[in-house]
Amino acid sequence: MDLPICDVCLQSGMLCKGCENKLKTGEISQMELDIAKILYNLGDGQISFKKAIDMGNVAIIITEKDQVGKVIGKGGNVVRAISKEIGKNVRVIGAESDLKSVAKDILAPARISGINLVYGIDGEQKFKIRVLKEDASIIPSNLDKLNEIIESLTGEKTKIVLDD
Ligand SMILES: [Zn+2]
């Protein structure tokens, strides 16, 4: 299955040269390693993910769309085990999801009131994502970081603003 480290390492619990190198160079993070181990153990090697993003209190796991349900688990049991192990709230997002659903997942529990395309004076296009003002205090991270994450997931430039 598609995990950031190889099967040999997952089975032995030790890192081979190749995977150790990936960790050293930052190609994979310790958190991704921890998540891979849990998914491997709980899913009998049948659950995969592409990468995980650390947002502070929240970790986002990116996986193929057809794997999202498995990473969440029955009644959320898999996601809960991951959350317990890494000490963060966990969100699971399908790779290549559209901007609207990525933005919704990334910003939750804050709610989006609208998204529209705007053009800067330089002609650059950006999606303006408006968040309900009353949800300002529950936005999961700082706005620059969230814009960055959404761009890395969708390839779209965004500007998150509070609705007024
Ligand atoms: Zn390895």
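The rules behind the values
Residues numbered from 1 in each chain as written. Predicted model: local features only at pLDDT ≥ 70, side-chain atom pairs only at ≥ 80, totals over all residues. Helix = DSSP H or I, 4+ residues; strand = E, 2+ residues; numbered from the N terminus. Domains from an automatic or database assignment. Contact = placed C-beta atoms within 7 Å. Nonpolar A, V, L, I, M, F, W, Y, C, P; charged D, E, K, R; others polar. Pairing = 2+ DSSP bridges. Axes fitted to C-alpha atoms, helices over the stretch in contact; angles between N-to-C directions. Buried ≥ 20, exposed ≤ 12 C-beta atoms within 10 Å, placed from the backbone. Left-handed = near helix turned anticlockwise from the far one by under 90°. Expected span 1.5 Å × (residues − 1). Arc of directions from axis to C-beta.

Caption draft 1: Main features of unusual backbone geometry. Going from Ala108 to Pro109, the amide bond is cis rather than trans, its omega being 10°. Mapped onto the secondary structure, Pro109 falls in the loop between helix H6 (99–107) and strand S4 (112–119).

Caption draft 2: Layout of the domain arrangement of the chain. Taken as a whole, the chain is organised into domain 1 (1–95) and domain 2 (97–164). The centre of domain 1, based on its C-alpha atoms, is set 26 Å off from the matching centre of domain 2. Opposite the 10 residues of domain 1 that make contact, domain 2 presents nine residues. When its residues are assigned to classes, the side of domain 1 that touches domain 2 shows six nonpolar, three polar and one charged.

Caption draft 3: Geometry of the sheet that holds strand S3 (residues 89–94). As summarised here, the arrangement of the three strands in space is S1-S2-S3, forming an open sheet in which the pairing is mixed. Every other strand in the sheet has two partners, leaving strand S1 (51–54) and S3 as the edge strands with one partner each. Taken over all neighbouring pairs, the strand axes of this sheet differ in orientation by 25° on average, direction set aside. Two elements, S1 and strand S2 (residues 58–63), share four bridges in a ladder whose sense is antiparallel. In the sheet register, Ala52 faces S2, and the bridge partner there is Ile61. Each of S1 and S2 is contacted by helix H3 (residues 30–42), which is oriented at about 130° to S1, the strand it contacts most.

Caption draft 4: Broad picture of the pairing of S4. Burial analysis of S4 places just zero of its eight residues in the buried class, which makes it a mostly uncovered element. Note that S4 and strand S5 (residues 125–131) share seven bridges and pair antiparallel. Bridging across to S5, Leu117 finds its partner in Phe127. Between S4 and S5, which follow one another and run antiparallel, lie five residues, and Gly123 among them has a positive phi close to 85°.

Caption draft 5: Structural context of the sheet that holds S5. Spatially, three strands are ordered S4-S5-S6 in an open sheet, and the strand pairing comes out mixed. The open sheet is flanked by S4 and strand S6 (158–162), the only strands paired with a single partner. The sheet shows a mean angle of 25° between the axes of neighbouring strands, direction not considered. Sheet contacts for H6: S4 and S5; angle to S4, the most-contacted strand, approximately 125°.

Caption draft 6: Summary view of the packing of H3 against helix H5 (residues 77–86). Between H3 and H5, the least distance of the axes is 10 Å, while the angle of their chain directions is 140°. The interaxial crossing formed by H3 with H5 has right-handed handedness. In contact with Met31, Asp34, Ile35, Ile38 and Leu42 of H3, H5 contributes Val78, Ala81, Ile82, Glu85 and Ile86. Tallied by class, the residues present in the contact of H3 with H5 amount to eight nonpolar, no polar and two charged.

Caption draft 7: Spatial organisation of helix H7 (residues 143–154). Here H7 spans 16 Å end to end across 12 residues, near enough to the 16 Å set by a 1.5 Å rise per residue. Within H7 the residues assigned to the buried category are Leu146, Asn147, Ile149, Ile150 and Leu153. Along the long axis of H7, the arc covered by the buried residues comes to 165°, so they all point the same way. When the buried face of H7 is taken as reference, the exposed residues oriented beyond 90 degrees from it are Asp144 and Ser152. In this structure, the buried residues of H7 make contact with S1, S2, S3, H6 and S6. At the C-terminal side of H7, Gly155 shows a positive phi close to 80°.

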